[in-house]
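Spelled out from the first residue to the last, the chains are:
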Amino acid sequence: MGKDKEVMSSNAAVAEHHDVAPGDPPHIHHMDSNTAYGAAKLGMWLFLATEVLLFAVMFCSFALMRYYHLSEFHEASHHLNLKLGALNTAVLLFSSYTAAVAVTKAQKGDNKGVVRNFGISVFCGLIFLVVKTIEYTGKAEHGMFPFVWNSHFYEYKNFLGLYYCMTGLHALHVIIGMAVMYIYGIRPAMHNRYSGRYYTPVELGALYWHLVDLIWIYLFPLLYLVG
């Protein structure tokens, strides 16, 4: 009995010395957790930089093709549904706001707030995908889809090829972002995992989602307005 009290006293002293709070990763010194946080943040920014380079190549390809096929790009852009594109833009902007709120909630130890706000962001991502599916379906009905080859698609093949490539890749990133927010944000928060000293996965997940939104902010005017 005396030995158990001594162990408990020792553990309490270690927790106080290491500045451990509920929800902190077990057996991690405060300085070690700060180092891990910095490394994780740097790693995420480097990863996001590679994503930016990926889409930058596509943006440059679009600009180059538009230069050589200006009339085609101008006419083809009028076949896109501007209202649906604007709706998706508004949906993603709102989802980016709720993702930022989720980070604030995690920093305050409000795990329910993380679940609620990340849940809204995931739902907005689902709305985005549904709207994009409706838009793709409309194009397929008019024969302007890669698997429905006819004269309409051939006439605008350069524009539509880039359109489906860029929006399809972006949609894939939306799906990945939704999975990240659920797996590393919502699920742990349902078990009260986050506190003011440990919220790194929430912040990194929100950073990725902000990039997904930012890419669409460039895609929308480039495809739907500039043409």
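Described below are features of the structure shown in this document. (Residues numbered from 1 in each chain as written. Predicted model: local features only at pLDDT ≥ 70, side-chain atom pairs only at ≥ 80, totals over all residues. Heavy atoms only, no water.)

Structural notes on helix α3 (residues 70-77)
Those residues of α3 lying buried are Glu72, Phe73, Ala76 and Ser77. On an axial view of α3, the arc spanned by its buried residues comes to 120°, and they lie on one face. (Buried < 20%, exposed > 50% of the residue type's maximum accessible area, 1.4 Å probe, protein only. Helix = DSSP H or I, 4+ residues; strand = E, 2+ residues; numbered from the N terminus. Arc of directions from axis to C-beta.)

Digging into the environment of Phe62
Locating Phe62 in the fold gives a position in helix α2 (residues 30-68). A residue is classified by how much of its surface remains accessible, and Phe62, at 1% relative accessible area, is buried. Between the alpha carbons of Phe62 and Leu222 there is a distance of 8.8 Å; along the sequence they are 160 residues apart. In contact with Phe62, other than residues within four places in its own chain, are Phe73, Phe159, Leu162, Met166, Leu222 and Leu223. (Contact = heavy atoms within 4.5 Å.)

Thoughts on the packing of aromatic side chains
By the definition in use, this model includes 15 aromatic pairs. Note on Phe94 and Tyr97: the rings are 6.4 Å apart at their centroids and 35° apart in plane angle, and the pair reads as tilted. Taken together, the positions of Phe94 and Tyr97, both in helix α4 (residues 82-107) and 3 residues apart, correspond to about one turn of that helix. Owing to a relative accessible area of 44%, Phe94 belongs among the partly exposed residues under this scheme. Note on Trp216 and Tyr224: the rings are 6.1 Å apart at their centroids and 65° apart in plane angle, and the pair reads as edge-to-face. Looking at Trp216, the relative accessible area reads 0%, which means it is buried. A relative accessible area of 6% places Tyr224 in the buried class. (Phe/Tyr/Trp six-rings, centres within 6.5 Å; stacked < 30°, edge-to-face > 60°.)

Description of the nonpolar core
Within the largest apolar cluster, 53 residues are counted, with the highest numbers of intra-cluster contacts made by Phe118, Phe159, Tyr163 and Val202. Among the secondary structure elements, those contributing two or more residues to this core are α2, α3, α4, α5 (111-141), α7 (157-190) and α8 (200-226). In terms of residues, this core owes the most to one element, α8, which gives 14 residues. Residues in contact with Phe159, not counting those within four places in the same chain, are Phe62, Glu72, Phe73, Ala76, Ser77, Leu80 and Leu223. (Core = buried A, V, L, I, M, F, W, Y, C linked by side-chain atoms within 4.5 Å.)

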